[in-house]
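So you can see what is in the structure, the chains are spelled out below.
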Amino acid sequence: MLKRKRRTSPLDDARTCILSAKDKPGCVEKFIDCYKGRGVYASEPIEAGAFILEYRGELLSMEKCHSRHYSDIESTFLFDFEWQKRHWCIDASKEDGSLGRLVNDNHKSPNCVMKKITVNNRPHLCLFAVKQIETGDEIEYNYGDSKWPWRGKVAVGPDIVAAVQTTTPYPDQTSQDYSKRDGVKQVAVSPDRVAAVQTTTPYPDHSTLNSLVSMK
Ligand SMILES: C[S@@+](CC[C@H](N)C(=O)[O-])C[C@H]1O[C@@H](n2cnc3c(N)ncnc32)[C@H](O)[C@@H]1O
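For clarity, every value in this text was computed on a predicted model and none was experimentally measured.

Student: Which residues make up the nonpolar core, and what values go with them?
Tutor: Core analysis: the biggest nonpolar cluster contains 32 residues, and I52, F79, L127, F128 and I139 have the highest contact counts within it. Sorting the residues of this core by element identifies α1 (10-20), β3 (51-54), β5 (78-83), β6 (86-91), β8 (112-119) and β9 (122-129) as the ones contributing at least two each. Ranked by residue count, the leading element in this core is β9, at five residues.

What follows is the structure in structure tokens.
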């Protein structure tokens, strides 16, 4: 009798990618517009539950993270979480070519979720699909409950964004040169925006996301 080949579990898949320090094939980076910047898109169908990408970066203790000085843009690439009863941060502010750091926020209908997994006694943050994802779909997860400024805006055209909420003034990013900022291709972040998302930490608080995805 023919033995059926066992499929790799999503967790094993994630472990393999983590150990190889390479992104899993199946996703590509795309420039969306000068407001949202880049995003990550599925280049093949991804089934619900599958491992997608690691949010790769430098693992820092919270103390170390606090001691560093990040620009507003860099601070949007910090992801804090709890592990072994201590607070940690993945600093993905360095442009290292990895895709996990480029995944954008969607708090209404995200197609993946961030989970914490431990490999070789170190924590890693990984995105897993929560629904079937089709080729060409943008990969998106929920950044958490912070008042992210873009959540009050609605896209009305490929490059035009209309403000539907005016509680936080936000610079007109359509008029800025996307490619010249900070030497990285990132959307400028206004100080107002950082103030709006600050809670207990001096940078955007991803910790709310942790409870959301039960990263205990
Ligand atoms: C971790 S980075 C994601 C990658 C980023 N788009 C880039 O091009 O580098 C987070 C930044 O992406 C942008 N962003 C993420 N989700 C967004 C959304 N739903 N709408 C508009 N901008 C978003 C914001 O500028 C945010 O500070």
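What follows picks up the thread again.
Student: Kindly report on the site of the ligand, identifying the contributing residues and their values.
Tutor: Looking at the ligand, there are 16 residues lining it, with G37, R38, T76, N104 and W150 nearest. Residue assignment for the shell around the ligand shows that the elements contributing at least two residues are β2 (37-42) and β7 (104-105). Each residue belonging to the shell around the ligand can be placed in one class, and the counts come to six nonpolar, six polar and four charged.

Student: Tell me about the sheet that holds strand β4 (residues 58-61), and name the residues and values.
Tutor: Spatial strand order, β4-β6-β5: three strands in an open sheet with antiparallel pairing. Unpaired on one side and paired on the other, β4 and β5 mark the two borders of the sheet. Ignoring which end each strand starts from, the neighbouring axes of this sheet average 30 degrees apart. Bridge count between β4 and β6: four bridges; the pairing is antiparallel. Bridged to E58 within β6 is D91.

Student: Residues and numbers for the confidence of the model for the protein chain, please.
Tutor: Overall, the predicted model of the protein chain reaches an average pLDDT of 77, with 69% of residues at or above 70. Residue range residues 160-216 is modelled with pLDDT below 50. Its contacts to residues more than four positions away, or to other chains, number 104 contacts. Confidence metrics for the complex model read pTM 0.76 and ipTM 0.99.

Student: Just give me the short version of the pairing of strand β1 (residues 27-33), but keep the residues and values in it.
Tutor: As paired elements, β1 and β2 share six bridges and run antiparallel to each other. Opposite K30, over in β2, you have G39 as the bridge partner. What sits between β1 and β2 in their antiparallel hairpin is a turn of three residues.

Student: Can you break down the UniProt feature "domain: SET" (unreviewed entry) in the protein chain residue by residue, with the values?
Tutor: Feature annotation in UniProt assigns "domain: SET" (unreviewed entry) to the following positions: residues 25-144. Helix makes up 8% of residues 25-144 and strand 44%. Its end C-alpha atoms lie 27 Å apart.

Student: Provide a residue-level description of the sheet that holds β9, including the pertinent values.
Tutor: Reading across the sheet, the three strands line up as β3-β9-β8 and stay open at both edges, with antiparallel pairing between neighbours. Every other strand in the sheet has two partners, leaving β3 and β8 as the edge strands with one partner each. Looking at each pair of strands side by side, their axes are set apart by 35 degrees on average, direction ignored. As paired strands, β8 and β9 are joined by eight bridges and run antiparallel to one another. By the bridge assignment for β9, T118 is matched with P123.

Analysis parameters
- Residues numbered from 1 in each chain as written.
- Predicted model: local features only at pLDDT ≥ 70, side-chain atom pairs only at ≥ 80, totals over all residues.
- Core = buried A, V, L, I, M, F, W, Y, C linked by C-beta atoms within 7 Å.
- Buried ≥ 20, exposed ≤ 12 C-beta atoms within 10 Å, placed from the backbone.
- Helix = DSSP H or I, 4+ residues; strand = E, 2+ residues; numbered from the N terminus.
- Near = placed C-beta within 6 Å.
- Nonpolar A, V, L, I, M, F, W, Y, C, P; charged D, E, K, R; others polar.
- Pairing = 2+ DSSP bridges.
- Axes fitted to C-alpha atoms, helices over the stretch in contact; angles between N-to-C directions.
- pLDDT = per-residue confidence, 0-100.
- Contact = placed C-beta atoms within 7 Å.
- UniProt positions renumbered as here; feature names shortened; annotations may be inferred.

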